[in-house]
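What the coordinates show
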Amino acid sequence: MPTKKGCILIVDDDIASCRTLQLHLRTEGYDVTIAHSVDQGLAAAHRQCPELVILDIRMPGKSGLEGLPEFKQTFPHIHVIMITAFHDMDSTIEAMQHGAEDYIHKPIDIDELDNTTARIFSADGQTIVETRHEDKASQLNTMVARSHAMKEIFKTIGLVANSPVTVLITGESGTGKELVAHAIHRTSNNARGPFVAVNCAALVETLLESDMFGHEKGAFTGAVSKQPGKFALAENGAIFLDEIGELSPVMQAKLLRVLQEKEFTPIGAKMPQHSNARVIAATNVDLAAQVRKGLFREDLYYRLCVVTIHLPPLRERREDIADLVHTLLARINRQMNRKVTQLSSDVISCLEKYDWPGNVRELANALEKAVALCPGNVITQNLIGNICDTTTPTSDVEQIPLTEWSLEDIKKAHVLRVLKTTHWHKGHTCEILGVSRPRLRRMIKHFGLIPPEGIQTDLEDDNDQVENSSNKNSGLGLVKK
Ligand SMILES: Nc1ncnc2c1ncn2[C@@H]1O[C@H](COP(=O)(O)OP(=O)(O)OP(=O)(O)O)[C@@H](O)[C@H]1O
Ligand SMILES: [Mg+2]
């Protein structure tokens, strides 16, 4: 009889799923035992000494998450893969932090399972992840996701939360960078410490320096009293440096010093102060490109991106949309004290097809608007009409190679795209573009953008309303260079 590759224990209350897995893993050459509860599994592990336990999360009695630390404490060298039919962030992070090797979702992708088991059984020395008991993290700010990319992100959060490494979070606006930063802090050993956010783009340089590092009394005009900065306030916690790509060269140099020496000097102070705050940074610009262009210090970049978490845009993970809709709706209902819990099926399919240039934030805004305007408890197509009608101009845009576009072309295309998305709603367009109403009117005039026939635009009440509405062509009208 050939030697077995190793011994695997499957713990799952679903008997059929256990048998199917057992059959598959046996044909792969493993010795496989099954158990239907955590306690049965622990007893079987004492008898069989498996190298790997495949542990289901939801089981009657003790859950897999409760069983995981027991397995790891009793058999410190055992490998554990968690399986679940649910897709929430907190259990993924918790499982990884309690020493699970991996986290696989049902229905189980056999290739994924085979890769993980092969990796586990071929590994020589294993790293044992620190185990830790903690109250269940607060449900607030919980991220939902079904996509493979996001689940990998949850795993990374679980792995890095407890180490002091600097994490750089990248991704388009509205993809959830700040939520990820919160999740890292919330699941770290310093979770009880403060989470302090600094927007590096919001302030002028001197104010930003004082905001970050603090100042002594009289350090500059207006410094009437000594003020601690955000680095001091983040002592024993985390500091979140948002929009880090916007830092000026001077501030880049000062930040580099904090990261290298772990100390900073408040403005006007003689002595530097020690900092133990964990640094988490975020940006929606391509920092590596900024480095190549000489706009961002290379040494700082490498200090920041010890671990990089990239959040893909929503249009690249459409499978997350339905889950997000349910979570966001629940949140909105709570906030607005409403019970809008249903969506017609055509609405879901519209939401899944749309490109979401503003990502999850835009989705949340669209749902908020729909709930506000919804007379009953069902969201119907007319409530998200602008999204259903939108034939996003992405395809037009993609027809012309980007290198042939001028900045003006891109601006024009983007303004038109957002106008189409909002059905030429002035308020929403300004909100998405982050511009004032007069500026939007000027841009519409400047680019000669015209609403298509039949569209009621709230721009028409303005004095300098869109002119020349006889021209019904609202196409991009791009100029090729
Ligand atoms: N996976 C998710 N699950 C639930 N809510 C999410 C998720 N991702 C983002 N959100 C929600 O979308 C909104 C935008 O998220 P967040 O502020 O973290 O984005 P961001 O990437 O920091 O955006 P910006 O670059 O514009 O600052 C928030 O309301 C957040 O709660
Ligand atoms: Mg943000």
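The model shown is predicted, which means the values in this text are computed figures rather than measured ones. (Residues numbered from 1 in each chain as written. Chains lettered and ligands numbered in written order. Predicted model: local features only at pLDDT ≥ 70, side-chain atom pairs only at ≥ 80, totals over all residues. Heavy atoms only, no water.)

Across its full length, the protein chain holds 20 helices and 16 strands. Scored against the burial criterion, the 481 residues of the protein chain give a buried share of 50%. A sequence separation of at least 24 residues applies to 71% of the contacts in the protein chain between residues at least 6 apart. (Helix = DSSP H or I, 4+ residues; strand = E, 2+ residues; numbered from the N terminus. Buried < 20%, exposed > 50% of the residue type's maximum accessible area, 1.4 Å probe, protein only. Contact = heavy atoms within 4.5 Å.)

Let us look at the packing of aromatic side chains. Counting across every chain of the model gives six aromatic pairs. When the centroid spacing of 6.0 Å and the interplanar angle of 35° are considered together, the rings of Phe 231 and Phe 264 count as tilted. With Phe 231 in helix α9 (residues 230–233) and Phe 264 in strand β11 (residues 263–264), the pair connects residues that are 33 residues apart, well separated along the chain. Phe 231 gets classed as buried once you look at its relative accessible area, which sits at 1%. Given the relative accessible area of 2%, Phe 264 is considered buried. Ring pairing ties together the aromatic residues Phe 213, Phe 231 and Phe 264, which thus form one cluster. (Phe/Tyr/Trp six-rings, centres within 6.5 Å; stacked < 30°, edge-to-face > 60°.)

Below, the discussion takes up the sheet that holds strand β10 (residues 238–242). In space, the five strands of this open sheet follow the order β7-β10-β13-β6-β14, with parallel pairing throughout. What marks the edges here is a single partner per strand, and that holds for β7 (195–199) and β14 (307–311). On average, each strand axis in the sheet is inclined to that of its neighbour by 20°, with strand direction left out of account. Here β10 runs beside strand β13 (residues 278–283); their pairing, made up of four bridges, is parallel. Bridge pairing links Leu 241 to Ala 281 in β13. With respect to the sheet, helix α6 (residues 148–160) is in contact with β6 (167–171), β13 and β14, its orientation differing from that of β14 by roughly 155°. (Pairing = 2+ DSSP bridges. Axes fitted to C-alpha atoms, helices over the stretch in contact; angles between N-to-C directions.)

We now examine the environment of Thr 380. Structurally, Thr 380 is set in the loop between β16 (378–379) and α16 (385–389). In contact with Thr 380, not counting residues within four places along its chain, are Ser 344 and Val 347. In this structure the side chain of Thr 380 is engaged in a polar contact, spanning 2.5 Å, whose partner is the side chain of Asn 382. (Polar contact = N/O pair within 3.5 Å; in protein donor to acceptor, adjacent residues only side chain to side chain.)

Glancing now at the confidence of the model for the protein chain. Mean pLDDT over the protein chain stands at 82; residues scoring 70 or higher make up 85%. Between the elements of the protein chain, mean pLDDT differs from a low of 41, seen in helix α17 (residues 394–399), to a high of 97, seen in β6. Long-range and interchain partners of residues 124–140, a stretch whose pLDDT sits below 50, account for 34 contacts in this model, where long-range means more than four residues apart. Counted against residues more than four places away or in other chains, residues 391–400, with its pLDDT under 50, gives 13 contacts. (pLDDT = per-residue confidence, 0-100.)

With five of five residues buried, strand β3 (residues 52–56) is to be regarded as a mostly interior element. Here β3 shows two buried faces, one formed by Leu 52, Ile 54 and Asp 56 and the other by Val 53 and Leu 55. Both β3 and strand β4 (residues 79–84) contribute to a ladder of five bridges, which runs parallel. Paired with Asp 56 across the strands is Ile 83, a residue of β4. Once the chain exits β3 it traverses helix α3 (residues 64–74) before rejoining the sheet at β4, and the crossover so formed is right-handed. (Right-handed = clockwise from strand over helix to strand, strands pointing away.)

What follows covers the nonpolar core. Among the nonpolar cores identified, the biggest contains 29 residues, and Met 212, Phe 231, Leu 241 and Ile 244 are the most heavily contacted of them. Elements with a contribution of two residues or more to this core: β7, α8 (205–213), β10, α10 (249–261), β13, α11 (287–292) and α12 (298–304). Take this core: its biggest share by element is five residues, from α10. Counting 28 residues, the second-largest nonpolar core is a separate cluster that includes Leu 324, Leu 328, Ala 364 and Ile 379. (Core = buried A, V, L, I, M, F, W, Y, C linked by side-chain atoms within 4.5 Å.)

The next thing to look at is helix α13 (residues 321–336). Taking 1.5 Å as the rise per residue, α13 with 16 residues should run 22 Å; its terminal C-alpha atoms sit 21 Å apart, in good agreement. Every buried residue of α13 is listed here: Ile 321, Asp 323, Leu 324, Val 325, Leu 328, Leu 329, Ile 332 and Asn 333. Along its buried surface, α13 packs onto β15 (342–343), α14 (345–353), α15 (359–373) and β16. At the C-terminal side of α13, Asn 337 shows a positive phi close to 55°. (Expected span 1.5 Å × (residues − 1).)

This paragraph deals with the site of ligand 1. Close to ligand 1 lie 16 residues, the nearest being Ser 173, Gly 174, Lys 177, Arg 331 and Arg 361. A distance of 2.8 Å is found between an oxygen atom of ligand 1 and a backbone nitrogen or oxygen belonging to Gly 174. In the environment of ligand 1, an oxygen atom lies 3.1 Å from a nitrogen or oxygen atom belonging to the backbone of Leu 179. Here the shell around ligand 1 gets three residues from one element, more than from any other, and that element is helix α7 (residues 177–186). Both of domain 2 (161–311) and domain 3 (314–389) provide at least three residues apiece to the shell around ligand 1. (Near = heavy atom within 4 Å. Domains from an automatic or database assignment.)

Roughly 1000 Å³ of internal volume is contained in the largest pocket. For the largest pocket, the lining is made up of 28 residues, of which Glu 172, Ser 173, Pro 357, His 414 and Ile 432 are closest to its centre. Among the elements that take part in the lining of the largest pocket, helix α18 (residues 407–421) stands out by supplying seven residues, more than any other. Grouping the amino acids of the lining of the largest pocket by side-chain chemistry returns 10 nonpolar, nine polar and nine charged. Considering the residues around the second largest pocket, the lining is formed by 27 residues, among which Gly 174, Gly 176, Glu 178, Leu 179 and Arg 361 are closest to the centre. Where the lining of the second largest pocket is concerned, the elements lending two or more residues are α7, α13 and α15. Ranked by residues supplied to the lining of the second largest pocket, first place goes to α13 with six residues. (1 Å grid on protein atoms, 1.4 Å probe; cavity = no way out; pocket = protein on both sides within 12 Å on 5 of 7 lines; lining within 4 Å. Points joined across faces, edges and corners; volume = space filled by probe spheres on them. Nonpolar A, V, L, I, M, F, W, Y, C, P; charged D, E, K, R; others polar.)

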